[in-house]
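# Notes for the structure review
Here's the letter readout for the chains.
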Amino acid sequence: LGEWELISTLPVVGTEVRPVEAEYNTRWRLVAVGIVDSWEVDEVEFFADDACTRPVPREGFNASSSSSGHLHGFPSTQAFDRRWDTRFKSTTVLDSPWLGMDLLGWPATVRCVKVWHPVGSAVPVVRVEGWSGEEGWQAREVLVVAAGANAAWRVRGGGAAWDVVEVRWHTDAD
């Protein structure tokens, strides 16, 4: 399996490990910039295009999630499980907590990220970082879209003329 590096021992969740080496663009993470009391995320989806229409494939790949630390019962996997009844919660009072996905050897280009936060939770400034091999984590120019209730939105056309048939805003997943 190769060498492993101890990231940290967390009193709430135990020991977290990750591979020491990884290829370029096989790891992606979101960093909540600054000191955050607790960061809550319902779901995260990475996309390969600027329009957020082509998800980075996860099915059929060995992929794992990780974070800078989570509260008991709210692990990083819950931000990537495509379920609305689960969520990730970071440990409290962290300086720039992060939440990420390791594609375990499958490089991917990420151009857009959608982040669903719970209604009423504080939404931090989020920076996207990609793994750059020997250079480590590097900030990337990636569009971050706050999705879900009370979030930013847009309508985008695909050609010279187009019709908007319907627009709906919802406060829940249904």
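Below or above, wherever it landed, is the structure these notes cover. Computed from a predicted structure; not experimentally measured.

## Some words on the sheet that holds strand S10 (residues 98–102)
Strands sit in the order S7-S10-S3-S12-S13 across an open sheet of five strands; the sheet is antiparallel. Single-partner strands in this sheet number two, and they are strand S7 (64–67) and strand S13 (137–139). Across the sheet, the axes of successive neighbouring strands diverge by a mean angle of 25°, strand direction being ignored.

## Some points on the pairing of strand S12 (residues 126–131)
Judged by how many residues are buried, S12 sits mostly within the fold: five of six residues are covered. The pairing of strand S3 (residues 27–32) with S12 spans five bridges and is classified as antiparallel. By the bridge assignment for S12, Arg29 is matched with Glu129. Bridging between S12 and S13 involves three bridges; their strand directions are antiparallel. From the neighbouring strand, Glu129 faces S13, where its bridge partner is Ala139. Linkage of S12 to S13, two consecutive antiparallel strands, is achieved through a turn of five residues, within which Gly133 is found at a positive phi near 65°.

## Notes on the pattern of salt bridges
Within this structure, the stated rule accounts for eight salt bridges. In this structure, the salt-bridge partner of Glu129 is Arg29, at a minimum N-O distance of 2.7 Å. Remark: Arg29 occurs in strand S3 and Glu129 occurs in strand S12; sequence separation between them is 100 residues. The same class applies to Glu129 and to Arg29, which are both buried. A salt bridge links Arg87 to Glu40, with the nearest nitrogen and oxygen atoms 3.5 Å apart. Of this pair, Arg87 sits in the loop between S7 and strand S8 (88–89) while Glu40 sits in strand S5 (residues 40–41), and the two are 47 residues apart along the sequence.

## Here we look at the environment of Cys112
With respect to the secondary-structure elements, Cys112 resides in strand S11 (residues 112–116). Residue class for Cys112 comes out buried when judged on its relative accessible area of 0%. In this view, Cys112 contacts Glu45, Phe46, Phe47, Asp49, Asp50, Cys52, Val142, Leu143 and Val145; residues no more than four positions away in its chain are not counted.

## Thoughts on the environment of Lys114
Mapping Lys114 onto the fold places it in strand S11. Distance in space between the C-alpha atoms of Lys114 and Glu45 is 5.3 Å, their sequence separation being 69 residues.

## Structural notes on the packing of aromatic side chains
Per the counting criterion, the structure on display carries four aromatic pairs. Plain terms: the ring middles of Phe46 and Phe80 are 6.2 Å apart, the flat faces sit at 10° to each other, and that makes the pair stacked. With a gap of 34 residues between them, Phe46 in strand S6 (residues 43–47) and Phe80 in the loop between S7 and S8 connect regions that are remote in the sequence. By relative accessible area, Phe46 is classed as buried at 6%. The ring of Trp131 is capped by Arg27, whose NZ or CZ atom sits 4.6 Å from the centre of that ring. Over the face of the ring belonging to Trp98 we find Arg29, whose NZ or CZ atom lies 5.1 Å from the ring centre.

Definitions and cut-offs
- Every chain is numbered on its own, with residues counted from 1 as its sequence reads.
- It should be noted that, the model being predicted, local features are given only for residues of pLDDT at least 70 and side-chain atom pairs only at 80 or more, the latter also being counted only at that level, while totals for whole chains, interfaces and linings use all residues.
- Note that water and hydrogens are dropped before the side-chain values are worked out from all heavy atoms of the structure.
- Each pair of strands is called paired provided DSSP finds at least two bridges between the two strands.
- To qualify as a helix, a DSSP run of H or I must reach at least 4 residues; to qualify as a strand, a run of E must reach at least 2; elements of each kind are numbered from the N terminus.
- Each axis is a line fitted through C-alpha atoms, taken for helices only over the stretch in contact, and angles between the N-to-C directions span 0 to 180 degrees.
- Throughout this description, buried means an accessible area under 20% of the type-specific maximum (1.4 Å probe, protein chains only), exposed means over 50%, and partly exposed covers the range between.
- Counted as salt bridges are all cases of a side-chain nitrogen of Lys or Arg within 4 Å of a carboxyl oxygen of Asp or Glu.
- Contacts are assigned to residue pairs that have any heavy atoms within 4.5 Å of one another.
- Between rings of Phe, Tyr and Trp, where Trp is taken as its six-membered ring, a pair exists when centres lie within 6.5 Å; planes separated by under 30 degrees are stacked, by over 60 edge-to-face, and by other angles tilted.
- Both a distance and an angle decide whether a charge sits over a ring: NZ of Lys or CZ of Arg must be within 6 Å of the ring centre and within 35 degrees of the ring normal.

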